[in-house]
Amino acid sequence: MKTANYNIRIDPVIKTKAEKTFAEFGLNLSEAINVFLHMSIKQCGFPFEIREPKLKAETLLAMQETQQILSDYENGLRTARQFTNAKEMFEAMDLEDKVNL
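Okay, so let's go over this structure. (Residues numbered from 1 in each chain as written. Predicted model: local features only at pLDDT ≥ 70, side-chain atom pairs only at ≥ 80, totals over all residues. Heavy atoms only, no water.)

Right, let's get into the packing of aromatic side chains. What the rule picks out here adds up to three aromatic pairs. With a centroid separation of 6.2 Å and 50° between ring planes, the pair formed by F36 and F46 is classed as tilted. On the criterion of sequence distance, the pair formed by F36 in helix α2 (residues 29–43) and F46 in the loop between α2 and α3 (57–74) is long-range, its members being ten residues apart. The exposure class of F36 is partly exposed, given its relative accessible area of 30%. For the ring pair F46 and F48, a centre distance of 5.7 Å and an interplane angle of 45° mean the geometry is tilted. Taken together, the ring pairs in this structure connect F36, F46 and F48 into an aromatic cluster. (Phe/Tyr/Trp six-rings, centres within 6.5 Å; stacked < 30°, edge-to-face > 60°. Helix = DSSP H or I, 4+ residues; strand = E, 2+ residues; numbered from the N terminus. Buried < 20%, exposed > 50% of the residue type's maximum accessible area, 1.4 Å probe, protein only.)

Below is the structure:
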């Protein structure tokens, strides 16, 4: 079978991880790329779904809350508290939780 050469640039860390992954299947990187190309041709496109990762609503809410807290500190609406030890900090957190219930 004739072959054609094609040079690609790959992040060295990604290349190493990919080589280790494909080695578990008994493939080298070149063979794995050939499998990908063959499957792409059979599927008439990518052989897997490509999409943006969707964050859970809870994660999005936590991110928004974090942004609000940071904004409050920047605008002077919140001030940092200092504690002399961890016990004092946890007691303050417990009190805050009880107030917010």
